Amino acid sequence: NATPPPMHGLPPVALTDGFGTGPGVAGGKAFSEWLIGTRYAHWIFENHMGHHVLGGQCNYNVCCPMTDHLLGSYVPTAEWQPKMRPLPANAQTRGPVVAPANVPQLPTREEYEAPRLL
């Protein structure tokens with residue numbers, strides 16, 4: 001569960017705060033920074049974005065991603081990315097999202113509304 005908190009603008013969770021950990025276990029910010037740079041974290045982050053973009057109706061498992069493939073609830077990025085919307089004008093956030101490089105970004109309001117003006 002080290003990847004979801006930074007996805008939501010929350011501080012990293014130390015490894016000492018989870019199951020199977022104890023005193024002297026390294027973790028926290030350094031671990032989260034390392035993890036966010038891995039291909040695994042990139043895939044998990046995108047999977048989790050799709051979960052939110054599609055209203056929580058798919059891509060449920062950040063912890064067990066293969067479950068979505070087995071149960072048929074996985075939706076690939078190419079299908080959910082065109083449905084991304086900008087944050088509402090006065091949206092309050094908990095902090096900046098810490099995202100891996102090259103994940104889909106929320107469109108600006110102008111980018112979102114441009115096709116409607118054509």
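The residue numbering used here restarts from 1 in each chain and proceeds along that chain's sequence as written. In view of the model being predicted, local features appear only for residues whose pLDDT reaches at least 70, and side-chain atom pairs are presented and counted only at 80 or more, with totals across whole chains, interfaces and linings using the full set of residues. The basis for every side-chain value is the complete set of non-hydrogen atoms in the structure, without hydrogens or water.

**A short note on the overall build of the protein chain**
Along its length, the protein chain carries six helices and zero strands. Sequence-distant contacts, at least 24 apart, represent 50% of the contacts inside the protein chain between residues at least 6 apart. The numbering of helices and of strands both runs from the N terminus, where a helix is a DSSP run of H or I of at least 4 residues and a strand a run of E of at least 2. Residues are treated as being in contact if the distance between any of their heavy atoms lies within 4.5 Å.

**Details of the nonpolar core**
In this structure, Met7, Ile44, Phe45, Met49, Cys58, Val62, Val75, Trp80, Met84 and Val103 together form the largest nonpolar core, which totals 10 residues. Per element, the largest residue contribution to this core is three residues, and it comes from helix α3 (residues 39–53). The definition of a nonpolar core used throughout is a set of buried Ala, Val, Leu, Ile, Met, Phe, Trp, Tyr and Cys residues joined through side-chain atoms within 4.5 Å. A 1.4 Å probe rolled over the protein chains alone gives each residue an accessible area, and that area as a share of the maximum for its type sets the label: buried under 20%, exposed over 50%, partly exposed in between.

**Re α3**
Under the convention used throughout, the expected extent of a helix is 1.5 Å for every residue step, that is, one less than its residue count. Compared with the 21 Å implied by 1.5 Å per residue over 15 residues, the 21 Å span of α3 between its first and last C-alpha is a close match. Looking at α3, one finds that the buried residues are Ala41, Ile44, Phe45, Glu46, Asn47, His48, Met49, Gly50 and His51. Two residues or fewer after α3 comes Gly55, characterised by a positive phi angle close to 70 degrees.

**Some words on the pattern of salt bridges**
We count a salt bridge whenever a side-chain nitrogen from Lys or Arg sits within 4 Å of a carboxyl oxygen from Asp or Glu. Applying the stated criterion to the full structure yields one salt bridge. Note that Glu113 is salt-bridged to Arg109, the shortest N-O span being 3.7 Å. Of this pair, Glu113 and Arg109 both sit in helix α6 (residues 109–117), four residues apart, roughly one helical turn.

**Brief notes about the packing of aromatic side chains**
What counts as a ring pair is set by centres within 6.5 Å for rings of Phe, Tyr and Trp (its six-membered ring), and what kind of pair is set by the plane angle: stacked under 30 degrees, edge-to-face over 60, tilted for all other angles. Inspection of every chain in the model, using the stated rule, returns one aromatic pair. Between Trp43 and Tyr74, the aromatic rings sit 6.0 Å apart at their centres with planes inclined by 20 degrees, giving stacked as the arrangement. One end of the pair, Trp43, is in helix α3; the other, Tyr74, is in the loop between α4 (66–71) and α5 (77–80), with 31 residues separating them in the sequence. Given the relative accessible area of 30%, Trp43 is considered partly exposed. Residue Tyr74 is classed as partly exposed on the basis of its relative accessible area of 26%.

**A few points about unusual backbone geometry**
Working note: non-glycine residues mostly have negative phi, and peptide bonds are mostly trans. The residue Asn59 is not glycine, and still its phi comes out positive at about 45 degrees. Within the secondary structure layout, Asn59 lies in the loop between α3 and α4. In this structure Asn59 comes out as buried when scored by relative accessible area, which is 0%.

**Some thoughts on the side chain of Asp68**
As for its position among the elements, Asp68 is in helix α4. Neither His nor the chain ends is counted toward charge; the positive residues are Lys and Arg and the negative residues Asp and Glu. Of the side chains bearing the opposite charge, Lys83 lies closest to the buried Asp68, which forms no salt bridge; the N-O distance is 16 Å. At 3.1 Å, the side chain of Asp68 forms a polar contact with the backbone nitrogen of Tyr60. Throughout this description, a polar contact denotes any pair of N or O atoms lying within 3.5 Å of each other; where both atoms belong to protein, one of them has to be capable of donating a hydrogen while the other can accept it, and for residues adjacent in sequence the pair is counted only when both atoms sit in side chains. In this structure the side chain of Asp68 is engaged in a polar contact, spanning 2.5 Å, whose partner is the side chain of Ser73. Those residues in contact with Asp68 that sit more than four places away from it in its chain are Asn47, Asn59, Tyr60, Asn61, Ser73 and Tyr74.

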